[in-house]
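Okay, here's what each chain looks like letter by letter:
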Amino acid sequence: MLRPSFIIAYCMLLLPSISFSFAQGQDLYDRYPWAGLYYYGITTSDALGQMVAGQIHRWPEHIQSVELTHTLSKENFLRRLVYPLVGVVEVSANFTVRNGSNEHTIYEFNPYVEGRWANFPWNKYLITSFAIGEGISYDTSIPSLEGKSSENTKRLLNYLMMEATFSVPHYPRFQLVARLHHRSGAFGLYHAGNTGSNDIGLGIRYLFD
């Protein structure tokens, strides 16, 4: 008769050879098509191009966002249209609160569509994705930075989101999110002049089915 101590020791020897299977890459978003996000960002007074070049100067305002995201199925027309250029297509509803020293509390609504790239060779070490989103942004009043940069301001502007996500292979559904949150007149498309605002920050996302 095998003793319990022998069975435990035998299992410990086998443990390194057992391979655990976790969803990663594009499969992660198809297996868990829903996601919730909390995000905190600081507003900068720099234009988008200046930020890409590494110039970041803080404006006295910050944002907090909550977001619900849904991954479109593989059979969805839009996702099939952009495949294989874009692996994952999602739709998101973002609710943001702006608080600054020179303004009242502002509530912001940002519905948008994003494309996500998630199949990377290093995912077995660090699961990574990059996404770009495009939509509209409505503020209940004009943010102080946007009012400073232009007299022709609008509450309804273009919304642009760029982010990178990171998670460990054993807990792929919990993601650290680094994001750029951008509002602008989109080169005159919204008849809002040269106005806009940028926020950068970090968030946490959880994927679920």
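Details of the structure are given in the entry above.
The present account deals with the structure reproduced in this document. Model, not experiment: these values are computed from the prediction.

## Quick word on the sheet that holds strand E5 (residues 127-139)
Strand order in the closed barrel formed by 8 strands is E1-E2-E3-E4-E5-E6-E7-E8, and the pairing between neighbours is antiparallel. When strand polarity is set aside, the average angle formed by the axes of neighbouring strands in this sheet is 25°. Pairing analysis gives 11 bridges linking strand E7 (residues 174-184) to strand E8 (residues 196-208), with the strands arranged antiparallel. Counted as the bridge partner of Val177 is Gly203 from E8.

## Quick notes on the environment of Lys148
Looking at the secondary structure, you find Lys148 in helix H5 (residues 144-149). What makes Lys148 exposed here is its relative accessible area of 63%.

## Brief notes about the layout of surface pockets
There is about 500 Å³ of room inside the largest pocket. Lining the largest pocket are 23 residues, and of these His182, Ser184, Asn194, Thr195 and Gly196 lie nearest its centre. Where the lining of the largest pocket is concerned, the elements lending two or more residues are H5, strand E6 (156-167), E7 and E8. Split by residue class, the lining of the largest pocket holds 7 nonpolar, 13 polar and 3 charged.

## Things to note about the environment of Lys154
When you line up the elements, Lys154 lands in the loop between H5 and E6. For Lys154, a relative accessible area of 32% translates into the label partly exposed. Spatially, the C-alpha atom of Lys154 lies 8.2 Å from that of Gly185, the residues being 31 residues apart in sequence. Lys154 has contacts with Ile142, Glu146, Arg183, Tyr190, His191 and Ala192, leaving out every residue within four places of it along the chain.

## Let's talk about the pairing of E8
Note: strand E1 (residues 34-44) against E8, 11 bridges, orientation antiparallel. Along E8, the bridge assignment pairs Gly36 with Tyr206.

## So, the nonpolar core
If you look at the biggest cluster of nonpolar residues, it comprises 9 residues: Ala23, Leu28, Tyr29, Tyr32, Ala35, Val88, Ala118, Ile127 and Leu207. Other than its neighbours up to four places away in sequence, Ala118 contacts Gly25, Gln26, Tyr29, Asn123, Thr128 and Ser129.

## Details of the pattern of salt bridges
Scanning the entire structure with this criterion turns up 14 salt bridges. The shortest N-O distance in the salt bridge between Lys74 and Asp30 comes to 3.9 Å. With Lys74 in the loop between strand E2 (58-71) and helix H4 (77-82) and Asp30 in helix H2 (residues 26-31), this pair connects stretches of sequence that are 44 residues apart. Looking at Lys74, the relative accessible area reads 46%, which means it is partly exposed. Residue Arg183 is joined to Glu146 by a salt bridge in which the shortest nitrogen-to-oxygen separation is 2.8 Å.

## Digging into the packing of aromatic side chains
For the structure on display, the rule yields 7 aromatic pairs. Geometrically, the ring pair formed by Tyr112 and Tyr159 is tilted, given 5.2 Å between the ring centres and 50° between the ring planes. With a gap of 47 residues between them, Tyr112 in strand E4 (residues 106-117) and Tyr159 in strand E6 connect regions that are remote in the sequence. Residue class for Tyr112 comes out buried when judged on its relative accessible area of 3%. Ring geometry for Phe120 against Phe130: centres 5.5 Å apart, planes inclined by 90°, an arrangement best described as edge-to-face. Of this pair, Phe120 sits in the loop between E4 and E5 while Phe130 sits in strand E5, and the two are 10 residues apart along the sequence.

What counts, and at which threshold
- Residues numbered from 1 in each chain as written.
- Predicted model: local features only at pLDDT ≥ 70, side-chain atom pairs only at ≥ 80, totals over all residues.
- Heavy atoms only, no water.
- Pairing = 2+ DSSP bridges.
- Helix = DSSP H or I, 4+ residues; strand = E, 2+ residues; numbered from the N terminus.
- Axes fitted to C-alpha atoms, helices over the stretch in contact; angles between N-to-C directions.
- Buried < 20%, exposed > 50% of the residue type's maximum accessible area, 1.4 Å probe, protein only.
- 1 Å grid on protein atoms, 1.4 Å probe; cavity = no way out; pocket = protein on both sides within 12 Å on 5 of 7 lines; lining within 4 Å.
- Points joined across faces, edges and corners; volume = space filled by probe spheres on them.
- Nonpolar A, V, L, I, M, F, W, Y, C, P; charged D, E, K, R; others polar.
- Contact = heavy atoms within 4.5 Å.
- Core = buried A, V, L, I, M, F, W, Y, C linked by side-chain atoms within 4.5 Å.
- Salt bridge = Lys/Arg side-chain N within 4 Å of Asp/Glu carboxyl O.
- Phe/Tyr/Trp six-rings, centres within 6.5 Å; stacked < 30°, edge-to-face > 60°.

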